[in-house]
Amino acid sequence: LPLSSQIYPIYLPRETRTRRALLICNIEFEHLSQRKGADADVEGMTELLEGLGYVVDIHCNLTSEGMALVIKDFADRKEHCTSDSTFLVFMSHGVRAGLCGTKSRGETTDILSLDTIYETFNNKSCPVLLGKPKVVIIQSCRGGKRGSVLMSDSEDPAVLTPAAAHSTAAGLEDDAIFEVHLESDFATLHSSTPDTVSWRNSVKGSLFIQHLIEQFRKHACNSDLQEIFRKIQYSFGKFPRQLPSQERSTMLRKFYLFPGH
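Residues numbered from 1 in each chain as written. Predicted model: local features only at pLDDT ≥ 70, side-chain atom pairs only at ≥ 80, totals over all residues. Heavy atoms only, no water.

Peer 1: I'd like a rundown of the sheet that holds strand β5 (residues 98-100), residues and numbers included.
Peer 2: Within the open sheet, the three strands sit side by side as β4-β5-β6. Their pairing is antiparallel. A strand with exactly one partner marks an edge of an open sheet, and here the two such strands are β4 (94-95) and β6 (111-113). With two bridges connecting them, β4 and β5 associate as antiparallel partners. Opposite glycine 94, over in β5, you have leucine 99 as the bridge partner. Of the strands in this sheet, β5 and β6 are in contact with helix α2 (residues 64-75), which crosses β6 at around 35 degrees. Across the sheet, helix α3 (residues 114-121) is in contact with β5 and β6; its angle to β6 comes to roughly 45 degrees. (Pairing = 2+ DSSP bridges. Helix = DSSP H or I, 4+ residues; strand = E, 2+ residues; numbered from the N terminus. Contact = heavy atoms within 4.5 Å. Axes fitted to C-alpha atoms, helices over the stretch in contact; angles between N-to-C directions.)

As structure tokens, this is what we get:
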């Protein structure tokens, strides 16, 4: 394969391209502690993304329902047609199952399932972002454990659909219809491994966001996205209490941000 086909294209010149990013940050909660320092994360991430050419839509202090609505509205934005990629940034208290809304009382109430994000931006729900990188950044705890002991994903093995359920549409000409993966071109970096806590400084903000901004600033000019993710993970080598984790990645090519281009 030619090298160019292994890299996500930047479709349009900077003047006509309309890159958008979504940033949702919950700081104040009805029953959980205030996330002090999180405003520094919002400021830092906004500055970083604007520097990379994205207009950032910022929403704070939403319930899980509010988050789901904002995500849906953002997926429907017409600007994605003339964009080459998007960033989806979520910062909140969190549990294993997802992100806490402002009315959360813990594990089971007012939780936004992470699946909702992927389902809203997959190729069926959001065809305008088909083939375009969707970068998901999640700053949250994922349980109360320190360090990381990974548990098995599920108690029951996945139920497989019988092959018969997958019937191909016969009699259609190849160029009239083509099948695509339901979910592709996502890259996710989570602030910690499953079941573990993430750390935040009450003035400077989250450790993860601080490291992420630093590594993007240093390396976006010459490294592809997943290499930057790896550098962020490596930067936690001397902090064994937390390790960012790349998950649910379906990137088919390398994504270079080419700042300034």
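Peer 1: Please set out the sheet that holds strand β2 (residues 55-60) residue by residue, giving values where relevant.
Peer 2: Taken together, six strands build an open sheet; the order of strands is β2-β1-β3-β7-β8-β11 and the sheet is mixed. The two strands at the open ends of the sheet, each matched to only one other strand, are β2 and β11 (245-247). For this sheet the average axis-to-axis angle between neighbouring strands, irrespective of direction, equals 15 degrees. Two elements, strand β1 (residues 20-25) and strand β3 (residues 86-91), share six bridges in a ladder whose sense is parallel. Across the sheet, residue cysteine 25 finds its bridge partner in β3, namely methionine 91. Contacting β3, β7 (134-139) and β8 (186-190), helix α4 (residues 207-219) crosses the sheet at an angle of about 145 degrees to β7.

Peer 1: Lay out the side chain of aspartate 195 with the relevant residues and their values.
Peer 2: Within the secondary structure, aspartate 195 sits in the loop between β8 and β9 (200-201). Of the polar contacts made by the side chain of aspartate 195, one reaches the side chain of arginine 96; its length is 2.9 Å. (Polar contact = N/O pair within 3.5 Å; in protein donor to acceptor, adjacent residues only side chain to side chain.)

Peer 1: Can you break down α3 residue by residue, with the values?
Peer 2: Residues of α3 that are buried: Leu114, Ile117, Tyr118, Thr120 and Phe121. Buried residues of α3, viewed axially, fall in a sector of 165 degrees; they line one side. Elements that come into contact with the buried residues of α3 comprise α2, β3, β5, β6, β7 and β8. A side-chain oxygen of the first residue of α3 lies 3.1 Å from the backbone nitrogen of aspartate 115; this N-cap is serine 113. (Buried < 20%, exposed > 50% of the residue type's maximum accessible area, 1.4 Å probe, protein only. Arc of directions from axis to C-beta.)

Peer 1: Can you lay out the pairing of β1 for me, pointing to particular residues and giving the numbers?
Peer 2: Within β1, six of the six residues are buried, which leaves it mostly tucked inside the rest of the structure. Alignment of β1 against β2, held across six bridges, turns out to be parallel. Each bridged residue has a counterpart across the sheet, and for isoleucine 24 the counterpart in β2 is histidine 59. Handedness of the crossover joining β1 and β2 through helix α1 (residues 38-51): right-handed. (Right-handed = clockwise from strand over helix to strand, strands pointing away.)

Peer 1: Kindly report on the environment of glutamate 214, identifying the contributing residues and their values.
Peer 2: Residue position: glutamate 214 is located in helix α4. C-alpha separation for the pair glutamate 214 and serine 235, spaced 21 residues apart in sequence, amounts to 9.9 Å.

Peer 1: Please provide a residue-by-residue account of the packing of α1 against α4, values included.
Peer 2: Where α1 meets α4, the closest approach of the two axes is 10 Å, and the angle between their N-to-C directions is 20 degrees. Our classification of the angle between α1 and α4 gives roughly parallel. In the packing of α1 onto α4, the handedness of the crossing is left-handed. The residues of α4 that touch α1, namely those facing Asp41, Gly44, Met45, Glu47 and Leu48, are Ile209, Leu212, Ile213, Phe216 and Arg217. (Parallel < 35°, antiparallel > 145°, perpendicular 65-115°, else oblique. Left-handed = near helix turned anticlockwise from the far one by under 90°.)

Peer 1: Provide a residue-level description of unusual backbone geometry, including the pertinent values.
Peer 2: Phi at asparagine 61 takes a positive value of approximately 55 degrees, unusual for a residue other than glycine. Mapped onto the fold, asparagine 61 is located in the loop between β2 and α2.

Peer 1: Before we move on, could you go through helix α5 (residues 225-234) and cite the residues and values that matter?
Peer 2: Given 3.6 residues per helical turn, the α-helix brings residues three or four places apart onto the same face. Restricting attention to buried positions, one finds in α5 the residues Leu225, Ile228, Phe229, Ile232 and Gln233. The buried side chains of α5 occupy one side of the element, clustering within an arc of 145 degrees when seen end-on. As for α5, its buried residues are in contact with β3, β7, β8, α4 and β11. Its side-chain oxygen 3.2 Å from the backbone nitrogen of glutamine 226, aspartate 224 forms the N-cap of α5.

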